[in-house]
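Topology and contacts: notes
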Amino acid sequence: MANSPSGDSILDRVVRILESFDDTQPALTVSSLSRRSGIPQATMYRLVGEMVQHGILAREPDGRVRLGLRLWELVARSSPAKDLREAALPFLQDVQSVVHQHTQLSVLRDGEVLVLERLSSSGSVINQASVAGRLSAHDTSMGMVMLAFSPAEVQEEYQRLHTDVDIRFSAAAGDFRRALAEIRRRGFASYDGVLDDGTTGISVPVVDRAGQAVAALGVVVPTGVAQRQAIIAVLMAAARGIARAAGEEPPGRTTSDFLVQ
């Protein structure tokens, strides 16, 4: 792949352009893209024009550009997340019919929670998770349950790169590694009001044959919700169903093995 005079490849620049868009700025001017990506404006005009021609970007009437449908089409056609989402969707719907709040499926990518699907009901509590959005792993029950069911080296690397976990999990609250061990022992993670007051995130892992998390299934409900243990039991049963539907046969511990502890 040809390199620019600055030494970065065209592919590097295309990736930086795509990463410039987010939930708060779904459409950007060429000059904004240039600032966000660090690519000279003249070069940005040329790259944007080519990407619009291929449908990777789409141009709006006011001249701003956004991610194009062609990009979504290519990703949706072959993404591994598509298979996991399709396997999980019936189980998410079952959980949603019980909690009538937010039910979501996520994976751990680059040390962050990447949300694959979210189902919500009218009148649900506030929830910062959005499909294709990312959240800090140690600020969510989904991220913590996936870290807890990850290999020790993954946990160690995460703690090395995120020094703020030592502040969040202070000695008074139990340190980060002890928190992960407790989640693994219980089989679920539950946190009150970490991202938003008045909400509780409850998540369980979707595990593979080796007992490691491939995803997390979680709900966001009002703090103090009744029948919390019943919700956890529903989540665990659904997570095992997702694992089987995705071609993974989870290890033999049952829901009751966790809930009696």
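To start, this report covers the structure provided alongside it. Computed from a prediction, not measured in an experiment: that's the story for all the values here. (Residues numbered from 1 in each chain as written. Predicted model: local features only at pLDDT ≥ 70, side-chain atom pairs only at ≥ 80, totals over all residues. Heavy atoms only, no water.)

**What about the sheet that holds strand β6 (residues 134-136)?**
As a reminder of what qualifies: Strand pairing is defined by DSSP finding a minimum of two bridges between the two strands. The secondary structure listing takes helices from DSSP runs of H or I that are at least 4 residues long and strands from runs of E that are at least 2 residues long, numbered from the N terminus. Every angle, taken between N-to-C directions, lies between 0 and 180 degrees, and every axis is a line fitted to C-alpha atoms, over only the stretch in contact when it is a helix. Residue contacts are defined here by distance: any two heavy atoms, one from each residue, within 4.5 Å place the two residues in contact.
Strand order in the open sheet formed by six strands is β6-β5-β4-β9-β8-β7, and the pairing between neighbours is antiparallel. Unpaired on one side and paired on the other, β6 and β7 (189-192) mark the two borders of the sheet. Averaged over all pairs of adjacent strands, the angle between strand axes in this sheet comes to 30 degrees, irrespective of strand direction. Sheet topology note: the strand β5 (residues 112-120)/β6 ladder contains three bridges and is antiparallel. Bridging from a neighbouring strand, Val113 pairs with Leu135 of β6. Contacts from helix α10 (residues 228-245) reach β7, β8 (199-207) and β9 (213-222), with the element oriented near 30 degrees to β8.

**A few points about the sheet that holds strand β3 (residues 65-67)**
In spatial order, the strands read β1-β3-β2; together these three strands make up an open sheet with antiparallel pairing. Because the sheet does not close on itself, it has two edges, and the strands there are β1 (27-28) and β2 (57-59). Relative to β3, β1 runs antiparallel, the two sharing two bridges. What sits directly across from Leu28, in β3, is Val65.

**Comments concerning helix α2 (residues 30-37)**
Heads up, the condition is: When accessible area is computed with a 1.4 Å probe and restricted to protein chains, residues below 20% of their type maximum are described as buried, those above 50% as exposed, and intermediate ones as partly exposed.
Those residues of α2 that sit buried are Val30, Ser32, Leu33, Ser34 and Ser37. In the core, the buried residues of α2 are packed alongside α1 (10-19), β1, α3 (41-53) and β3.

**A word on the pairing of β8**
Counting buried residues along β8, nine of its nine residues qualify, which places the element largely inside the surrounding structure. The turn joining β7 and β8, which pair antiparallel and follow one another in sequence, is formed by six residues; a positive phi near 60 degrees is taken by Gly193. In the sheet, β8 pairs with β9 via nine bridges, with the strands oriented antiparallel. What sits directly across from Thr200, in β9, is Val221. Where β8 folds back on β9, the antiparallel hairpin that results is connected by five residues, among which Gly211 adopts a positive phi of roughly 80 degrees.

**With respect to the packing of aromatic side chains**
Let me state the cut-off plainly: Only Phe, Tyr and Trp rings take part, Trp by its six-membered ring, and two of them pair if their centres are within 6.5 Å. Stacked means planes under 30 degrees apart, edge-to-face means over 60, and tilted covers everything else.
In total, this model carries one aromatic pair according to the counting rule given. With a centroid separation of 6.1 Å and an interplanar angle of 25 degrees, the aromatic rings of Tyr158 and Phe176 are classed as stacked. Of the two residues, Tyr158 sits in helix α7 (residues 152-161) while Phe176 sits in helix α9 (residues 176-186), which places them 18 residues apart along the sequence. By relative accessible area, Tyr158 is classed as buried at 4%. Given a relative accessible area of 1%, Phe176 falls into the buried group.

**Section: the packing of α7 against α9**
A pair of packed helices can be characterised by two numbers: the angle between their axes and the separation between those axes. Definition in use: By definition, turning the near helix anticlockwise from the far helix through less than a right angle yields a left-handed crossing, and turning it clockwise yields a right-handed one. Amino acids are sorted into nonpolar (Ala, Val, Leu, Ile, Met, Phe, Trp, Tyr, Cys and Pro), charged (Asp, Glu, Lys and Arg) and polar (every other residue, Gly among them).
Between α7 and α9, the least distance of the axes is 11 Å, while the angle of their chain directions is 145 degrees. Relative to α9, α7 is oriented so that their crossing is right-handed. Each of Ala152, Gln155, Glu156, Tyr158 and Gln159 in α7 lies in contact with α9, whose residues at this interface are Phe176, Arg177 and Leu180. Along the lines of polarity and charge, the residues of the contact of α7 with α9 split into four nonpolar, two polar and two charged.

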